[in-house]
Amino acid sequence: MTDKVAIITAASKGMGAAITRELAANGYRVALLATSEAVYELATEVGGVGLVGSVVNNDDLKRVVEAAMQHYGRVDAVVNNTGHPPKGDLLAIPDDDWQLGGDMVLMNVIRMARLVTPIMVGQGGGAIVNISAFGAYEPSRAFPVSATFRAALGSFTKIYADEYAPHNIRMNNILPGFIDSYPESDDILARIPMKRYGTVDEIAKTVHFLLSDGAGYITGQNLRVDGGITRSV
């Protein structure tokens, strides 16, 4: 158990909600951000604070950080979760969708880091986990925007991790494969060596580990939680 404070974004359903419940069950006090008003119900369930807003809006990110500080006085952990970026045929994807994808996958992490890093430096440490995707290693034509910006997120994460390791601040990415919050298909199942989708609870427990003291020597990493679907080594 812990008395640490965590901010979780895109927290109202799927992986975000599972992460919220896992951290709260292990003693974290939580500040939640989501686009759905369901975030209020979840915040009440876990005894946290919830705000409606979007990770692509810097003002909303500021609001959830301010809420954490007002309610709890510190920020020990951040889980940067987000929705699915736009998809489409590679060269037919309009500029606005590429811009939105960058804001959802990369700039959200950069903007949040700007907000919480000074707090964590002042506290003597902290941990950040970004929910990425296996496409960061193996880009797919089905998810071109996602794969492109998640690869960039891997680079940013390594640079950030190196820069702030002396301040005891860690940043890592989790790269889920197909998780049970995503529609299931026989074609996808056939590609997965474990022959099943992962669960949101498995992702949540991995997040909890990476935020914990047990992962205190892990930083700048991309951890695949994908049932073996990626082929690269």
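Only a predicted model underlies this, so the values are computations on that prediction, with no experimental measurement involved.

**With respect to the overall build of the protein chain**
Counting its regular elements, the protein chain contains 7 helices and 7 strands. Beginning at the N terminus, the succession of helices and strands in the protein chain can be written as β-α-β-α-β-α-β-α-β-α-β-α-α-β. Rg of the C-alpha trace for the protein chain: 17 Å, near the compact-globule value of 17 Å for 233 residues, within the 12% margin. Burial analysis of the protein chain (233 residues in total) assigns 50% to the buried set.

**Observations regarding the packing of helix H1 (residues 14-25) against helix H2 (residues 38-46)**
Running from N to C, H1 and H2 cross one another at 15°; their axes reach a closest spacing of 10 Å. By the angle class used here, H1 and H2 are roughly parallel. Considering how the two elements wind past one another, H1 and H2 form a crossing that is right-handed. Between H1, through Ala-17, Thr-20, Arg-21 and Ala-24, and H2, the contact on the second element is made entirely by Leu-42, Glu-45 and Val-46. Of the residues that constitute the contact of H1 with H2, the class distribution is 4 nonpolar, 1 polar and 2 charged.

**Notes on the sheet that holds strand S4 (residues 77-80)**
Across the sheet, which stays open at both edges, the 7 strands sit in the order S3-S2-S1-S4-S5-S6-S7 with parallel pairing between neighbours. In this open sheet, the two strands that pair with only one neighbour each are strand S3 (49-52) and strand S7 (222-225). Taking each pair of neighbouring strands and ignoring which way they run, the sheet shows an average axis angle of 15°. When strand S2 (residues 29-34) meets S3, the two strands line up parallel, connected through 4 bridges. Bridge assignment links Ala-31 to a residue of S3, and that residue is Val-49.

Rules behind the numbers
Residues numbered from 1 in each chain as written. Predicted model: local features only at pLDDT ≥ 70, side-chain atom pairs only at ≥ 80, totals over all residues. Heavy atoms only, no water. Helix = DSSP H or I, 4+ residues; strand = E, 2+ residues; numbered from the N terminus. Rg over C-alpha atoms; globule rule 2.2 N^0.38 Å. Buried < 20%, exposed > 50% of the residue type's maximum accessible area, 1.4 Å probe, protein only. Axes fitted to C-alpha atoms, helices over the stretch in contact; angles between N-to-C directions. Parallel < 35°, antiparallel > 145°, perpendicular 65-115°, else oblique. Left-handed = near helix turned anticlockwise from the far one by under 90°. Contact = heavy atoms within 4.5 Å. Nonpolar A, V, L, I, M, F, W, Y, C, P; charged D, E, K, R; others polar. Pairing = 2+ DSSP bridges.

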